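Residue-level structure breakdown
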Amino acid sequence: MPAMNQVPELQDLVEDMPRFVSVLTAFAAKLQINLGEFHADHISVRCHQNTTADRWRAGLEKCGQLLNETMINGRPICLYTLNEPLVVGPLSIDLVELPYPGDKRYPHEGWEHIEIVLEGIEDELYTRALALIADEALMTPGIKLKQSAPKGENERLPNPTLAITDGSVTIKFHPHSLREIVASEKVGG
């Protein structure tokens, strides 16, 4: 099975990776987070059209396996386990989240965020995540925080999320890996 950089349908994502690593690294430095100290659960893309999502899906099927597909907020979210992990700065990531487009329009089509697992009690996620970020970074103009709890139909594990963004890149924190969430769906469904 080929690596992502050998799949024609994914060449725009391959070409977008240096930009993403650059903005991610700069953002992490601004937040005073050392990405190398964490486990990145997955990386996610964003696109504006179903045709782009379909093309990426066809490409991901050539270099990975579909782990799960579920409906969240009225749109399919696909998870692919890659045969060869992506190198994203100091991180090695083998899980790609492909959400189909929804109502929100993103400023860029391509890589959009990473998610980091902070294991522990779900109700304490926000406190744990905020403790990692420098206070002055949280007060920087343009830095936005969003708390959410997206949930698939059969999920049994609560997986609250804290997203931190500067508008061009996002780092999200949650207490469970997506593989744990998918396993909880299978047990419950």
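Residues numbered from 1 in each chain as written. Predicted model: local features only at pLDDT ≥ 70, side-chain atom pairs only at ≥ 80, totals over all residues. Heavy atoms only, no water.

Per an unreviewed UniProt entry, the protein carries the name VOC family protein and comes from Rahnella bonaserana.

1. Details of the pattern of salt bridges
This model, assessed by the stated rule, comprises seven salt bridges. The partner of Glu 9 in a salt bridge is Lys 62, and the shortest N-O contact between them spans 2.6 Å. In this pair, Glu 9 is assigned in the segment before α1 (11-31) and Lys 62 in helix α2 (residues 50-63), connecting sequence segments 53 residues apart. A residue is classified by how much of its surface remains accessible, and Glu 9, at 19% relative accessible area, is buried. One salt-bridge network, held together by shared partners, links Arg 57, Glu 61 and Glu 69. (Salt bridge = Lys/Arg side-chain N within 4 Å of Asp/Glu carboxyl O. Helix = DSSP H or I, 4+ residues; strand = E, 2+ residues; numbered from the N terminus. Buried < 20%, exposed > 50% of the residue type's maximum accessible area, 1.4 Å probe, protein only.)

2. Quick word on the side chain of Thr 170
As for its position among the elements, Thr 170 is in strand β8 (residues 170-174). At a separation of 3.0 Å, a polar atom in the side chain of Thr 170 contacts the side chain of Thr 165. Those residues within four positions of Thr 170 in sequence are excluded, and the remaining contacts are Glu 112, His 113, Ile 114, Ala 163, Ile 164 and Thr 165. (Polar contact = N/O pair within 3.5 Å; in protein donor to acceptor, adjacent residues only side chain to side chain. Contact = heavy atoms within 4.5 Å.)

3. Considerations on the environment of Gly 64
Residue placement: Gly 64 occurs in strand β2 (residues 64-72). Along the chain, Gly 64 and Ala 149 lie 85 residues apart, while their C-alpha atoms are 27 Å from each other. Apart from the residues within four sequence positions on either side, Gly 64 is in contact with Met 1, Thr 81, Leu 82 and Asn 83.

4. Regarding the pairing of β8
For β8, the buried fraction is high: five of the five residues fall into the buried class. Here β8 shows two buried faces, one formed by Thr 170, Lys 172 and His 174 and the other by Ile 171 and Phe 173. Judged from the five bridges that link them, strand β5 (residues 110-117) and β8 form a sheet pairing that is parallel. Across the sheet, residue Ile 114 finds its bridge partner in β8, namely Ile 171. Between strand β7 (residues 161-165) and β8, which follow one another and run antiparallel, lie four residues, and Gly 167 among them has a positive phi close to 95°. (Pairing = 2+ DSSP bridges.)

5. Details of the environment of Lys 30
Its place among the elements puts Lys 30 in helix α1. A relative accessible area of 40% places Lys 30 in the partly exposed class. Along the primary structure Lys 30 and Glu 9 are separated by 21 residues, whereas in three dimensions their C-alpha atoms are 33 Å apart. Those residues in contact with Lys 30 that sit more than four places away from it in its chain are Ala 137, Thr 140, Ile 143 and Asp 166.

6. A few points about the nonpolar core
One finds Ile 43, Trp 111, Ile 114, Ile 171 and Phe 173 to be the most contacted residues of the largest nonpolar core, which totals 47 residues. Considering every element that reaches this core, the biggest residue donor is α1, with seven residues. In contact with Ile 171, not counting residues within four places along its chain, are Leu 24, Phe 27, Ala 28, Leu 31, Leu 35, Ile 114, Ile 116, Leu 162, Ala 163 and Ile 164. (Core = buried A, V, L, I, M, F, W, Y, C linked by side-chain atoms within 4.5 Å.)

7. Quick word on the sheet that holds β8
Paired through their backbone hydrogen bonds, the strands of a sheet run either parallel or antiparallel. Strand order in the open sheet made by the eight strands is β2-β3-β4-β1-β5-β8-β7-β6, with mixed pairing throughout. The open sheet has two edge strands with one neighbour each: β2 and β6 (144-148). Geometrically, the sheet is characterised by an average inter-axis angle of 25° between neighbouring strands, direction not taken into account. The pairing of β6 with β7 spans five bridges and is classified as antiparallel. Within the sheet, the bridge partner assigned to Ser 148 lies in β7 and is Thr 161. Of the strands in this sheet, β1 (40-46), β3 (75-88), β5, β7 and β8 touch α1, which is tilted by about 50° from β5. Its contacts with the sheet put α2 on β1, β2, β3, β4 (91-99) and β5, and the angle it makes with β3 is roughly 45°. (Axes fitted to C-alpha atoms, helices over the stretch in contact; angles between N-to-C directions.)

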